There are 2 protein chains.
Amino acid sequence: MIATKELLEKYARLAVRTGINLQKGQKVIINAELACAEFARMCAKAAYEAGAAGVEMDWTDEESARLRYLNSTEEYLTTIPQWYVDKADYQDDQDFAYLYIDSDDPDAFAGVPAERIAMAQTARRKAIKRHGDNVSCNRVSWSIVALPTEKWAKKVFPGCTAEEAMDRLYDAIFKAVRLYEEDPVKAWEDHLAKLQERAKWLTEQKFDALRVTTGLGTDLTVGLADDHIWGLGGEERSNGAHQPFVANMPTEEVFTAPHNKKINGVVKSSMPLNYNGQLIDGMSFTFENGKVVDFDATLGKDVLSHLLDTDAGARSLGEVALVPCKSPIYESGIFFYNTLFDENASCHLALGSCYPTCIKNGAALTNEDVDALGGNDSAIHVDFMFGTDDLTVTGLRGDEEIPVFVKGNWA
Amino acid sequence: MIATKELLEKYARLAVRTGINLQKGQKVIINAELACAEFARMCAKAAYEAGAAGVEMDWTDEESARLRYLNSTEEYLTTIPQWYVDKADYQDDQDFAYLYIDSDDPDAFAGVPAERIAMAQTARRKAIKRHGDNVSCNRVSWSIVALPTEKWAKKVFPGCTAEEAMDRLYDAIFKAVRLYEEDPVKAWEDHLAKLQERAKWLTEQKFDALRVTTGLGTDLTVGLADDHIWGLGGEERSNGAHQPFVANMPTEEVFTAPHNKKINGVVKSSMPLNYNGQLIDGMSFTFENGKVVDFDATLGKDVLSHLLDTDAGARSLGEVALVPCKSPIYESGIFFYNTLFDENASCHLALGSCYPTCIKNGAALTNEDVDALGGNDSAIHVDFMFGTDDLTVTGLRGDEEIPVFVKGNWA
């Protein structure tokens with residue numbers, strides 16, 4: 001068995017130390033599926049050992065959620081009580097750290113009408129938009145780590161027994177988060193320093209736009225927001241507290257904010273996307289002046305359609321991220337059906353809101369100020385992958401064209 | 001295996017139909033330990049099939065709670081945020097029905113300092129006192145049903161393997177809730193009609209007090225509240241809605257409100273009490289004019305002490321309940337370490353608040369009005385058993401003495 005108690009406890013400590021970087025006296029929310037209860041409790045224990053004042057468990061259950069999506073009244077699905085909003089505000093204001101244990105079953109909501117999920121999710125996201133902004137602005141510390149469940153593992157390794165599939169998925173995850181290193185915390189520090197170098201170089205280039213092309217038919221010019229900054233998964237709190245945290249484990253990307261009025265051309269997805277337990281594949285988007293004017297998908301077009309209808313900002317881009325084919329996750333050859341991994345195997349874009357921290361002084365700006373600089377705002381932020389091993393990325397600055405990626409890797 | 005899918009689904013339907021008696025369009029909260037997830041989902045499904053507008057899962061986890069009790073700061077343990085209070089109020093005002101799936105591990109919090117649990121519970125109960133009152137006044141419909149977990153089953157049947165213990169506990173529970181009957185809903189209607197006859201007779205007696213004596217040394221005179229009514233576990237909503245529900249499954253008792261200034265004498269417990277995952281045994285209380293003036297316990301005296309310190313009302317009685325030794329639960333010979341069962345095997349009293357519905361028109365009265373009639377008010381309501389097979393209960397009315405129980409059974 002790959003997932004020994006020792007390794008799981010090591011993983012829990014890494015999530016608390018490097019992931020949310022829990023500060024002594026801080027409070028924590030641990031969000032987890034029931035199936036991940038044992039690991040969630042290990043994280044709670046690790047948090048207390050690191051000096052947490054208190055740990056709240058926020059349990060989710062895809063099976064109950066499926067029943068709710070299928071059977072509740074529309075009114076029930078779309079009514080977000082005020083206490084729910086107040087709870088999110090309270091936890092943010094009390095400086096809770098958020099640890100999300102991601103174990104999504106890629107088929108959890110297969111067959112559920114897409115509009116039922118969309119109406120519920122949109123109502124929820126709009127109601128707690130302030131919390132969403134606090135997360136994307138790093139006003140709170142947060143981290144997403146992954147844990148296999150049988151359903152997920154069997155989807156990734158369909159030819160294996162449940163036990164083999166779990167072992168292989170655990171192994172892939174443990175490798176991706178550097179858990180086999182003797183000192184994973186140190187390994188993460190080194191890794192983030194390398195990403196930081198890339199991000200620094202890109203920020204200094206002050207590109208106006210990136211042109212991306214692939215053999216699949218992508219030819220897109222992505223204007224970049226004014227005063228944009230390239231960031232990485234190792235983040236700093238924007239509230240002044242010195243608390244570097246790692247929002248995604250693993251993370252292999254550097255990313256910034258596109259200009260939401262300066263995106264033109266066509267982009268084709270290079271991998272399926274598991275969005276909220278429903279799969280979308282074969283996506284194609286045509287952009288004009290920053291907005292999606294046409295789109296298609298070979299699978300899950302209805303899901304995508306509802307996604308784009310969330311709000312005005314859902315039809316523009318909030319993130320462009322660069323990940324080379326030399327990423328260890330790409331090289332593993334595993335398709336994870338999980339964005340936390342798949343987005344770190346491939347260059348990607350995100351529909352919806354930008355991270356305001358990708359704009360100089362952005363966390364201190366209003367949504368309107370951010371928008372004026374080209375930073376996009378929306379209740380959603382949904383990554384999709386377009387990178388391939390024949391990808392070319394060219395930096396455009398005035399008349400200059402600077403090679404950034406050639407054949408899927410750094411030029 | 002006793003607990004087949006068919007029987008569990010039948011049980012879920014019984015809990016929804018007879019327990020909370022869900023009305024079409026009503027919303028439901030299902031409160032359950034993670035270990036009961038599968039049955040909780042069956043209940044959710046049964047609720048939707050019965051026309052629920054929506055079902056909310058309220059998951060609890062004793063292991064996480066134990067970590068919290070042991071490791072949180074005092075401030076964290078005792079701070080109840082406003083959103084938590086608002087949530088309870090919202091759910092009551094929206095007429096949610098409450099289905100509690102009880103699976104308490106009797107040793108869940110063994111070794112946790114009693115004052116840590118007490119401070120957390122007291123803060124919570126005081127904060128949501130309005131909700132507590134709504135429950136005890138039947139302004140909401142609610143029901144507690146039980147489900148075995150391995151820890152609980154092994155405590156009840158320590159000599160058995162986990163599997164045998166689970167089978168035996170399932171069997172005992174299924175018998176107690178009449179699940180093996182072809183039509184359990186009808187069996188419950190018949191059972192409740194019989195309890196209703198007893199309650200009616202007792203109410204008509206208009207006793208001033210009951211005198212209870214046992215060979216263990218109990219000799220207590222329990223004055224009854226003015227205008228008291230004897231009730232049973234099959235209840236009517238007090239908000240005018242016709243929705244008879246069964247608050248406890250099983251239920252074998254008839255009960256009423258003592259007069260909180262007219263209780264005198266000594267009572268000795270006849271069974272251990274599992275209170276919040278901590279055991280209390282060998283209890284003895286001395287009452288003067290309705291208040292505990294002395295108490296002792298051979299086990300868990302500190303737990304009991306904190307309980308009595310909750311508030312002023314915690315030192316008086318809110319319930320006197322009569323259960324004959326001929327109760328099928330008593331006759332099963334099983335000690336369940338769970339009040340839902342043990343209180344239905346034995347005459348019992350409850351420290352803390354009365355059910356205002358045990359006083360004529362009580363749900364419409366203020367707490368002050370109820371108190372003026374002798375009905376007790378507190379943030380707690382904790383049953384303890386004193387019934388034995390040599391119990392005598394005598395009704396006192398003026399100079400009259402009317403035998404009610406002789407040798408543990410109806411006279």
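Fair warning: this is a prediction, and the values are worked out from it, not measured in the lab.

**Examining the nonpolar core**
Core analysis: the largest hydrophobic core is formed by 219 residues, its most contacted members being Phe285(A) and Phe285(B). When residues no more than four places from it in sequence are discounted, the contact partners of Phe285(B) are Gly265(B), Val266(B), Val267(B), Val292(B), Asp294(B), Phe295(B), Leu304(B), Leu308(B), Leu351(B) and Phe384(B).

**Here we look at the interface of chain A and chain B**
Contacts between the two partners involve 31 residues from chain A, matched on the other side by 31 residues from chain B. When the area that chain A buries against chain B is broken down by residue, the three leading residues are Arg41(A), Tyr76(A) and Trp83(A), summing to 25%. Where chain A touches chain B, the interface holds 4 salt bridges. Summed over the shared surface of chain A and chain B, the result is 8 residue pairs in polar contact (both at pLDDT 80 or more). Elements with a minimum of two residues in the side of chain A that touches chain B: helix H2 (37-49), strand S2 (54-60), helix H3 (62-71) and helix H5 (82-93) of chain A. Class assignment for the residues of the side of chain A that touches chain B results in 15 nonpolar, 7 polar and 9 charged.

**A look at the relation of the copies chain A and chain B**
Between the two copies, chain A and chain B, the superposition gives an RMSD of 0.0 Å; the rotation angle is 180° and the shift along the axis is 0.0 Å. Here the symmetry operator amounts to a two-fold rotation axis. Across chain A, the rotation axis passes nearest the C-alpha of Trp83(A), at a separation of 2.4 Å. Here 100% of the interface residues in chain A have copies in chain B that are interface residues too; the copies meet face to matching face.

**A closer look at the pattern of salt bridges**
Applying the stated criterion to the full structure yields 40 salt bridges over all chains. Close ionic contact of Glu252(B) with Arg178(B) constitutes a salt bridge, the shortest N to O distance being 3.5 Å. Within this pair, whereas Glu252(B) is found in the loop between strand S9 (245-246) and strand S10 (254-256), its partner Arg178(B) is found in the loop between helix H9 (162-176) and helix H10 (184-205), the two being separated by 74 residues in sequence. Taken as a pair, Glu252(B) and Arg178(B) share a single burial class, namely buried. Here the salt bridges share partners, and the residues they tie into one network are Arg41(A), Asp61(B), Glu63(B) and Lys151(B).

**Some remarks on the side chain of Arg116(B)**
Residue and element names in this part refer to chain B. With respect to the helices and strands, the residue Arg 116 is situated in helix H6 (residues 114-127). Nearest to the buried, unbridged Arg 116 among oppositely charged side chains is Glu 74, at 5.0 Å. In contact with Arg 116, other than residues within four places in its own chain, are Arg 68, Tyr 69, Leu 70, Asn 71, Ser 72, Thr 73, Glu 74 and Leu 77.

**With respect to the pairing of S2(A)**
Residue and element names in this part refer to chain A. Across 7 bridges, strand S1 (residues 27-33) lies against S2 in parallel orientation. Within S2, the residue paired with Ala 32 across the bridge is Trp 59. Tracing the backbone out of S1, into H2 and back to the parallel element S2 gives a crossover that is right-handed.

**Topic: the packing of aromatic side chains**
The tally for this structure, following the rule as stated, stands at 34 aromatic pairs over all chains. With centroids separated by 6.4 Å and ring planes inclined at 75°, the aromatic side chains of Trp201(A) and Phe207(A) adopt a geometry described as edge-to-face. Relative accessible area serves as the criterion here: at 36%, Trp201(A) is assigned to the partly exposed category. By relative accessible area, which is 2% here, Phe207(A) ends up buried. Aromatic side chains Tyr90(B) and Phe96(B) sit 6.5 Å apart centroid to centroid with 50° between the ring planes, which places their arrangement in the tilted category. Overall, the relative accessible area of 23% leaves Tyr90(B) in the partly exposed class. Note on Phe96(B): relative accessible area 4%, which makes it buried. Connected via pairs of aromatic rings, a cluster forms that spans Tyr11(A), Phe39(A), Tyr170(A), Phe174(A) and Tyr180(A). Across from the ring centre of Trp188(A), 5.3 Å away, lies the NZ or CZ of Arg178(A), which sits over that ring.

**Here we look at the sheet that holds strand S1 (residues 27-33) of chain B**
All names here are of chain B. The parallel open sheet is built from 4 strands, whose spatial order is S2-S1-S3-S4. Whereas interior strands pair on both sides, the edge strands pair on one side only; in this sheet they are strand S2 (54-60) and strand S4 (142-146). The sheet shows a mean angle of 20° between the axes of neighbouring strands, taken without regard to direction. Sheet strands in contact with helix H2 (residues 37-49) are S1, S2, strand S3 (97-102) and S4, and its direction is about 165° off that of S2.

**Considering helix H5 (residues 82-93) of chain B**
Its 12 residues place the ends of H5(B) 16 Å apart at the C-alpha level, agreeing with the 16 Å of an ideal helix rising 1.5 Å per residue. The secondary structure elements touched by the buried residues of H5(B) are H5 of chain A together with S1, S3, H6 and helix H7 (129-136) of chain B. Downstream of H5(B) by a residue or two, Asp95(B) has a phi angle that is positive, lying close to 60°.

**Thoughts on the environment of Leu232(B)**
Residues and elements named next belong to chain B. Tracing the chain through its elements places Leu 232 in strand S7 (residues 231-232). The class for Leu 232 is buried, based on a relative accessible area of 5%. In sequence terms Leu 232 and Ala 247 are 15 residues apart; their C-alpha atoms lie 9.1 Å from each other. Beyond its immediate sequence surroundings of up to four residues, Leu 232 is in contact with Leu 192, Leu 195, Gln 196, Ala 199, Glu 253 and Phe 255.

**Digging into the environment of Arg168(A)**
Residues and elements named next belong to chain A. Secondary-structure assignment places Arg 168 in helix H9 (residues 162-176). On the basis of relative accessible area, Arg 168 is assigned to the partly exposed category, the value being 46%. C-alpha of Arg 168 to C-alpha of Ala 44: the two residues are 124 residues apart in sequence and 26 Å apart in space. Apart from the residues lying within four places of it in its own chain, the contact partners of Arg 168 are Phe 157 and Cys 160.

Each value, and the rule that gives it
- Residues numbered from 1 in each chain as written.
- Chains lettered and ligands numbered in written order.
- Predicted model: local features only at pLDDT ≥ 70, side-chain atom pairs only at ≥ 80, totals over all residues.
- Heavy atoms only, no water.
- Core = buried A, V, L, I, M, F, W, Y, C linked by side-chain atoms within 4.5 Å.
- Buried < 20%, exposed > 50% of the residue type's maximum accessible area, 1.4 Å probe, protein only.
- Contact = heavy atoms within 4.5 Å.
- Buried area = accessible area lost by both parts, 1.4 Å probe.
- Salt bridge = Lys/Arg side-chain N within 4 Å of Asp/Glu carboxyl O.
- Polar contact = N/O pair within 3.5 Å; in protein donor to acceptor, adjacent residues only side chain to side chain.
- Helix = DSSP H or I, 4+ residues; strand = E, 2+ residues; numbered from the N terminus.
- Nonpolar A, V, L, I, M, F, W, Y, C, P; charged D, E, K, R; others polar.
- Least-squares fit on C-alpha atoms with pLDDT ≥ 70 in both.
- Lys, Arg positive; Asp, Glu negative; His and termini not counted.
- Pairing = 2+ DSSP bridges.
- Right-handed = clockwise from strand over helix to strand, strands pointing away.
- Phe/Tyr/Trp six-rings, centres within 6.5 Å; stacked < 30°, edge-to-face > 60°.
- Lys NZ or Arg CZ within 6 Å of the ring centre and 35° of its normal.
- Axes fitted to C-alpha atoms, helices over the stretch in contact; angles between N-to-C directions.
- Expected span 1.5 Å × (residues − 1).

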